[in-house]
Amino acid sequence: MNSWKEFIALESSKDYYQKLKQIVDADYEKETIYPPKEYIFNAFKYCPLDKVKVVILGQDPYHGQGQAHGLSFSVNKGIGLPPSLRNIYGELQTDVNFYNPGHGDLTEWAKQGILLLNDVLTVKAGQAASHQKLGWEQFTENVISFLSNEKSGLVFMLWGNHAFKKGKNIDRSKHLVLSSGHPSPMSANQGKWFGNRHFSQANNYLIQQDKTPINWQLSY
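Just so it is clear, the structure is predicted and the values come from calculations on it, not from any experiment. (Residues numbered from 1 in each chain as written. Predicted model: local features only at pLDDT ≥ 70, side-chain atom pairs only at ≥ 80, totals over all residues. Heavy atoms only, no water.)

Describing the overall build of the protein chain
Broken down by element type, the protein chain carries 9 helices and 6 strands. For 220 residues, the compact-globule estimate of 2.2 N^0.38 gives 17 Å, and the C-alpha radius of gyration of the protein chain, at 17 Å, lies within 12% of that figure. C-alpha extents for the protein chain along the principal axes are approximately 45 × 35 × 30 Å. A total of 220 residues make up the protein chain; the buried ones form 53% of that total. Intrachain contacts of the protein chain at a sequence separation of at least 6 include 67% that bridge at least 24 residues. Of the roughly 10,300 Å² of accessible surface on the protein chain, a fraction of 49% belongs to carbon and sulfur atoms. For the protein chain, the separation between the mean place of its 23 positive charges and that of its 20 negative charges on side chains is 2 Å. (Helix = DSSP H or I, 4+ residues; strand = E, 2+ residues; numbered from the N terminus. Rg over C-alpha atoms; globule rule 2.2 N^0.38 Å. Buried < 20%, exposed > 50% of the residue type's maximum accessible area, 1.4 Å probe, protein only. Contact = heavy atoms within 4.5 Å. Areas by Shrake-Rupley, 256 points an atom, 1.4 Å probe, with all protein chains shown as cover. Lys, Arg positive; Asp, Glu negative; His and termini not counted. Charge placed at Lys NZ, Arg CZ, Asp CG, Glu CD.)

Thoughts on the packing of aromatic side chains
Inspection of every chain in the model, using the stated rule, returns 20 aromatic pairs. Between Trp4 and Phe7, the ring centres sit 5.6 Å apart and the planes meet at 85 degrees, which makes this aromatic pair edge-to-face. With Trp4 and Phe7 both in helix α1 (residues 4-12), this residue pair falls 3 residues apart, about one helical turn. Phe7 shares its class with Trp4; the two are buried. Ring plane angle 70 degrees and centroid distance 4.9 Å describe the contact between Trp4 and Phe44, whose orientation is recorded as edge-to-face. Linking Trp4 in helix α1 with Phe44 in helix α3 (residues 42-46), this pair joins segments that are 40 residues apart in sequence. Looking at Trp4, the relative accessible area reads 4%, which means it is buried. Overall, Phe44 belongs to the buried group, its relative accessible area being 6%. In this structure an aromatic cluster arises from ring pairing among Trp4, Phe7, Tyr16, Tyr17, Phe41, Phe44, Trp136, Phe139 and Phe146. (Phe/Tyr/Trp six-rings, centres within 6.5 Å; stacked < 30°, edge-to-face > 60°.)

Details of the pairing of strand β5 (residues 155-159)
Of all 5 residues in β5, 5 are buried; the element is thus mostly enclosed. In terms of strand pairing, strand β2 (residues 54-58) meets β5 through 3 bridges, oriented parallel. Bridged to Val54 within β5 is Val155. Bridge analysis of β5 against strand β6 (residues 176-180) gives 5 bridges, and the strand direction is parallel. Looking across to β6, one finds that Met157 is bridged to Leu178. (Pairing = 2+ DSSP bridges.)

The following block contains the structure:
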C-alpha cells in the first residue's frame, strides 16, 4: 500500500466504518460538528504515508468554535493557545530552545513528517468525547498497527494513559516509543509532563536512523 488514500479506501469498505460514516454524516447534517468536514483527514493530507517519521497521538478534536482543523493538539491561527498546547510549547522551549510563534497552527510539523493523529476524528460542538465509541477508535488503531507493521524507525509519542493503551500494539523492536504524562494542566502540574525531553530524543533517534531531524520551531 503506497498512500493514505489507498489505506482509507480499504478501511472505508469495512462494516465498522460504514456504520461510523452513517452516524457522523447524519450529525454533520443536523448539528455543528468539529472540525469542518473537509478537514477531518488533514493529518493524512499534510503528512503523506511515505513521509511519516513521527506520530503524535491526541484524543478528541477541540470542541470550541474555530479551534479544530484535523491535526492533534493544533489550532487554527488567530485562536488562543489551548492549555495543553501551551505546555507543549513550554517543554519545547527548555528542550530545544523553541520560542512561541504566537499561534498554535502545527501544519508545518505535519509537512515535515509528523502524523498529528487524534484517536477520534470528530466531535459535537461544546461536547467533549461526544463521538467516542462510534468506530473512530477502530480506524485509528488500524492506522497505528499499519504503521508499526509496515514501517521501521518511526518515533511514537504517547502522552497520558489514553495514548499508552492506544500504543500497546506498536513493535518496540522496530520503533522508538516515548511515553510521558499528558501535557494537560492537571497532569503537567503533577510533574508528569515537563522535563520529558521527547523532542530532542526524537531528533537524536531520527539522526541515528539516517533521517532528517524535525525542525520544531514554527514560523510566525
